[in-house]
Every structure is written in C-alpha cells, then in structure tokens.
Amino acid sequence: MCGIVGYTGRRQAAPILLEGLSKLEYRGYDSSGMAVLSGGNITMYKSGGRLSELKRITDNGSRPAGTIGIGHTRWATHGAPNDVNSHPHISKSGKFAVVHNGIIENYLDLKLFLTEKGFSFVSETDTEVIAHLTEYYYNGDMVETLRKVVNKLNGSYALGVLSCYSPETFYAARKDSPLVVGLGERENFIASDMPAVLSSTRRFLLMDDGEIAAVSPDSVLIYNANREPVEKTPFIAEWDISAAEKNGFPHFMLKEIFEQPHALDATVRTRITDGGIILDNIALTDEQIARIDRICIVACGSAYHAGVLGKYFIEKLSRIPVETDVASEFRYRSPIVTDRTLAVIISQSGETADTLAALRQARKLGARILSVVNVVGSSVARESDDVLYTRAGPEIAVATTKGYTTQVAALMLIGLKLAQALDRIDEKDYKRICNDLIGLPEAVNKVLENNIQQLQFIASKYYSADDAYFIGRGADYALALEGALKLKEISYIHAESYAAGELKHGTISLIEKGSLVVAIACDDRLFGKTLSNIKEVKSRGATVIALCSDSSDALRAECDHVIELPQCGAETYPVAAVTALQLFAYYIASARGCDIDKPRNLAKSVTVE
Ligand code: G6P
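This text gives an overview of the structure that appears in the document. (Residues numbered from 1 in each chain as written. Predicted model: local features only at pLDDT ≥ 70, side-chain atom pairs only at ≥ 80, totals over all residues. Heavy atoms only, no water.)

## A few points about the site of the ligand
Right, so step 1: The ligand sits among 14 residues. The nearest are S302, S347, Q348, S349 and T352.
Right, so step 2: Between an oxygen atom of the ligand and a main-chain N or O atom of S302, the distance comes to 3.0 Å.
Right, so step 3: Within the contact set of the ligand, an oxygen atom lies 2.5 Å away from a side-chain nitrogen or oxygen of T352.
Right, so step 4: Taking 390 Å² as the accessible area of the ligand by itself, protein coverage stands at 90%.
Right, so step 5: The element best represented in the shell around the ligand is helix α9 (residues 301–318), accounting for 3 residues.
Right, so step 6: Class assignment for the residues of the shell around the ligand results in 5 nonpolar, 8 polar and 1 charged. (Near = heavy atom within 4 Å. Polar contact = N/O pair within 3.5 Å; in protein donor to acceptor, adjacent residues only side chain to side chain. Areas by Shrake-Rupley, 256 points an atom, 1.4 Å probe, with all protein chains shown as cover. Helix = DSSP H or I, 4+ residues; strand = E, 2+ residues; numbered from the N terminus. Nonpolar A, V, L, I, M, F, W, Y, C, P; charged D, E, K, R; others polar.)

Here is the structure:
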C-alpha cells in the first residue's frame, strides 16, 4: 500500500527518492510522484502507472533539481490511479506539498470547511485536504501548524510535508500508518519501511502514533502530540541491502522461496535448547500459561492461513481451545475474550490495519497479546505484551512465502512451549517434534532439490487452466487454503480451497471433464479418506495433481500426477508441503507471463481497513 520517502541533505533528492520508491514498489501501487524544493519553489512530477513512468518524465531523477524532497507510490483508494490523483498534493498557493499513506475518514467534512474558506480541489483524493489545511493553519511555525492539522484529521495517516518556507527541513507525522526516520551523515530520511533507505543508512528512529518530526540535514526533532520534545534511541536494522536485492533470481518471490531454509533455521534453531524452548521477548510465566483457558489467533491473508495451521498444532499439543479468525471479522463478531485469553496476533509486516485494530480490541477486552511478527519495531510488535519475531529478513514479493513458513514454524514453537509448560507432552514426542523442527530447513531444501523439475513440468502442462480446486483434510486443508491463495494472487487463475469432505456438499457440481484439482494428501492418518474424495472428483473427469508424503499404488492409480514430498515430521510436514505449492503457483504464473512480484490490485502491507 502507499509508500513514502523523504530526503534532506547535500545530495540531489530526486534520484534518492526514485531509488527509495523503487524499494517500496513491493508494497503495491498504481501511480507515483515526487516534489522537490529549491530556491523557495516546489516542483512536482506525478504519473499514473508504474514507477518507470516517473523515472522517464524526470529523466531518471536528473530533474527536478534540489536537495530536499518527498516521494510517493500510491495505491488508489479515493479516486482513480491517474496523474491528478497521484501524490504529492499541493496547497492552493503552491507553498506546501503533502504525501500521505492512510485514509482520512472525515475528508468530506474538511473539504466543505475548506471550500467555504475559498479553497478549491483538483483531485478526488482524501489527501488534498491536508495540503490546504496546512496552508490554512500556517502561522510561521510548521510543527505547530501540523499539530493543528492532524488534530482535525480522523482516520490513519503517515505524512511527509514540504514547506517552501523551510528550505532545508521537511516534516512528518504518523497515526496508525507506518513511518520511520532514517539517520544519515549530514542527511536524513523518512520512509514507510526501512528497505527504502537501507542503501544509505541502517540507523532509524521509530515514530510513534501522534508524533510530529522536523527533519533537517543535521538534526531530527520529534515532538509528541502536546508539542513536547521526545528523545528516542536509534534502532539499528540488522537487515542489509543485499537482502532487498534479487541477487540473480528472476523474481523476489523465487528468491524468497529459496531463502526459506535459512529463514527457518534462523527462526527455530536457537530457540530449541537443551533446557527447553526459549522464546526470547516472551515473558509469559508457567503460572500465567496455566491460567490461559482460550487462545484466539487473529491475522489476515496468508498469516491467517498460518493461524489455521497453528490451531491444529497448538490444540493437539497443548489441549487449550484455539479459535482462528480473520482480523476484519474478529472485530465485529463480539468475540469471547477475557483476562484468561491469550490473543496470538500474526503479521509479517506488523502494520496490517485490521490486524492492529483486532489486537487493540483484544487488549481492551483483557487478553494478553502475544504477536508473531517479522518486522522488528513495527506497530503490532510495539503494542504487544510478548513478541516472537520470525527471522525471515525483508520480504519484498507481495505474495508471502518465507514470511508464511516462518510464521508456521513460530506457531509450532509456541505450541511446544505451551504443551511443555502445562506438562501435556511426553518427553519422546517433545524430542521428536524438536528434531523435526530443527530438520525443517533440510526438508525444504529437499523439496527445492528433488521436486522442482516435476513442478515446472506440471506447471507447463496446466498453466492455461481457468479454475483450480485445492482440497485436503486437517492440516492439509489449511495447506489447501494457502495453495489456492498463492495460485490466484499471482497467476489470476480462479482457485478455491475446500475441506476435502465438504466438496460434495455443493462445489462438486462444478467438477467436470478436465477440471484441475490439487489434492493434498500428506496427513497419513487421513490418507484413506482423502483418497475417497480424490476418487469422487476423478470419476467426474477431473485432472488430479496429488501432493503426498508417501505415494502408494492406490494414489498413483487415481491421479494424473503425484508429487511425493521428502519424509518429514507428522506435525511439521506442512512447511515442506507448502514449499511445493508455492513453486507450483510460481511456475504457473511465470508460464502465464504475470507480474509475479507485484500482482495487480494487491498490496504487501495493507494499512487501510
Ligand atoms: C496482504 C499480503 C499478504 C499477507 C497479508 C497479511 O494481503 O498481500 O501476503 O498475508 O497482507 O499481511 P501481514 O503483513 O499482516 O502478515
């Protein structure tokens, strides 16, 4: 979703803004723009479409000249993605320019207010009101002006504001949308996300809700909502810039699929010790665990699918009842949450608006908040009681891969920890599952080595399919959810997922000769039942691709293709299995010539509700 970059220093701003915006492309966008201040004048370039268009009209950043500026990639919410609606938006006199990520919910009221004061509007956006409000309230003191502006806004915002009265300083503010300040040598930055400026700095100040920053080349002053100065300790990002480069892979998605063994190792290995599971940043005591009578897992998208798997695993091991909800539904269904509830909030970015809102609701209702987050210092992490960081490194492709598998591994660690604390797992099972978890990188490596050619071949045969049905039972059903989502989001093939036993209650009416069915039959306990469901679709003419841990003659006889995965643990196999589903989706999308890393209409970090 929208990306913001700001720069002030000694270098030319435009190329730095373009580079930063290119690092934010992964967030999803459909237009872009920048404003640079020089000699008291603000010059803007904006364009609908890809960033390459902004690069073209600015001659790769050789114009506009100036050493201070703000840039933006826009994911349209209010108004079509065209040149006029692109950010920055400029005030009536042209003295102030604004970039914004978020939604101003009361923009119509503000528009009316400003229209009565003589301002007129050129765009359909909610953001334009902020530019005019800044001009309306300007009193020579930009921090005070911005304080008045943000007090008028309802909704969410991360803002970058350029004022022609401040030749070296730009301003930033945030509420419920991500924004960090990057600290350089005689130059400073703002960005929606750290990768945007990692090539210039790894030192950051994390802005909190309600804060306003005045960013100059030699200083960054941050104020709270009462205009009191706030002291912050810089945060040093461990990610380095190469983690945000493709390194020879054709797409970030493929690179990130191949990074999974490393990411899983980083997430799991040091946390399994001879003395038990050590979850750093989790202060839950055994006594507190004993009081937990319900776990609510809440997340969006693939993180929700990780949560569906987590439910199977955590319930099985800890015997604590677990519910998994989509964050946008959890909030509106009067969930039963008490001070004995543990809310497990899963988010790769830590900035997903619905997830954050669900976290706040669960907290209000008394739950303890344990989050599983990838981005250190993100909003979800900062608002949680306990955080278990996945150590996936930066994930750039919109469709998550290593973000998801490390979430699953983290949930497995949580399940083991709870089971151990409650004394509900015997030593033998505990050791076996620990070994299986430590063996996950190896299991994924085997899929990458052994199954890739077959997956490429199958993808080349079926890439022109119109529909696909993913079926499975138990944890295999959770995998079906993720397999179907991966396929539809990057290849645009219509894909549905069903609990295998449920298909015959309606959807089987769609199965006809040639319908593509991906049957996940990895769980040995449920194999016989899933095989019956495969027979049901096969006898109606479906083409069946089966994923299994151990192929049998019976399965081979029924299916058109059988993908046999490496042997791995009875509980942990989903991580290896999903790797095959990710590759399947990737090679199909690649054969269809899709924009794999930036699928249409999607955003990596969904910061609006
Ligand atoms: C978006 C992304 C998905 C992701 C979901 C949740 O929809 O495209 O890949 O699973 O957001 O994101 P989060 O950062 O909260 O895990």
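The discussion continues.
## So, the packing of aromatic side chains
Right, so step 1: Scanning the model with the defined rule gives 9 aromatic pairs in all.
Right, so step 2: Each ring, one from Y136 and one from Y137, has its centre 5.0 Å from the other, and the planes form 70°; the classification is edge-to-face.
Right, so step 3: The class of Y137 is buried, set by a relative accessible area of 18%.
Right, so step 4: One cation-aromatic arrangement involves K111 over F121; the distance from NZ or CZ to the ring centre is 5.2 Å.
Right, so step 5: Lying across the ring of Y223, R227 places its NZ or CZ 5.3 Å from the centre. (Phe/Tyr/Trp six-rings, centres within 6.5 Å; stacked < 30°, edge-to-face > 60°. Buried < 20%, exposed > 50% of the residue type's maximum accessible area, 1.4 Å probe, protein only. Lys NZ or Arg CZ within 6 Å of the ring centre and 35° of its normal.)

## With respect to unusual backbone geometry
Right, so step 1: A cis amide bond, omega 0°, links R63 with the succeeding residue P64.
Right, so step 2: Relative to the assigned elements, P64 resides in the loop between α2 (51–57) and β4 (68–74).
Right, so step 3: A cis amide bond links H87 to the next residue, P88, at an omega of 5°.
Right, so step 4: If you trace the backbone, P88 turns up in the loop between β4 and β5 (89–90).
Right, so step 5: A positive phi angle, close to 50°, is found at D59, a residue other than glycine.
Right, so step 6: Among the residues examined, D59 registers a relative accessible area of 45% and is labelled partly exposed.
Right, so step 7: Positive phi values are uncommon outside glycine, yet R186 reaches one of about 55°.
Right, so step 8: Residue position: R186 is located in the loop between β9 (180–183) and β10 (188–191).
Right, so step 9: Residue R186 is classed as exposed on the basis of its relative accessible area, which comes to 52%.

## Things to note about empty space enclosed by the protein
Right, so step 1: Evaluated as defined, the whole model comprises 4 cavities of 30 Å³ or more.
Right, so step 2: Approximately 200 Å³ is the volume attributed to the largest cavity.
Right, so step 3: As for the largest cavity, its lining consists of 24 residues, and the residues nearest its centre are S192, D193, S349, E351 and V375.
Right, so step 4: Here the residues of the lining of the largest cavity are counted per class, giving 11 nonpolar, 6 polar and 7 charged.
Right, so step 5: In this structure, the second largest cavity spans a volume of roughly 60 Å³.
Right, so step 6: Lining the second largest cavity, in full, are C2, R74, W75, T77, H78, H87, H100, G102, T125, D126 and T127.
Right, so step 7: Of the residues assigned to the lining of the second largest cavity, the class counts are 2 nonpolar, 7 polar and 2 charged. (1 Å grid on protein atoms, 1.4 Å probe; cavity = no way out; pocket = protein on both sides within 12 Å on 5 of 7 lines; lining within 4 Å. Points joined across faces, edges and corners; volume = space filled by probe spheres on them.)

## Details of the sheet that holds strand β3 (residues 41–48)
Neighbouring strands of a sheet are bound in pairs by backbone hydrogen bonds; such pairs are parallel or else antiparallel.
Right, so step 1: Across the sheet, which stays open at both edges, the 8 strands sit in the order β3-β2-β4-β1-β10-β9-β11-β14 with antiparallel pairing between neighbours. Looking at the sheet topology across the chains shown, the edges are occupied by β3 and β14 (235–236).
Right, so step 2: Strand direction decides the pairing type here: strand β1 (residues 3–8) and β10, joined by 4 bridges, are antiparallel. For V5, the partnering residue across the bridge sits in β10 and is A191. (Pairing = 2+ DSSP bridges.)

## A few points about the nonpolar core
Right, so step 1: If you look at the biggest cluster of nonpolar residues, it comprises 126 residues, and the most contacted ones within it are I295, L416, L437, F470, L479, L547 and L583.
Right, so step 2: Per-element tally for this core: the top contributor is helix α19 (residues 573–591), with 14 residues.
Right, so step 3: Discounting chain neighbours no more than four positions away, the residues touching L547 are A519, I520, A521, C522, I563, L565, A577, A580 and L581.
Right, so step 4: The next biggest cluster of nonpolar side chains, apart from the first, holds 27 residues, and it includes I104, I130, A131 and I212. (Core = buried A, V, L, I, M, F, W, Y, C linked by side-chain atoms within 4.5 Å. Contact = heavy atoms within 4.5 Å.)

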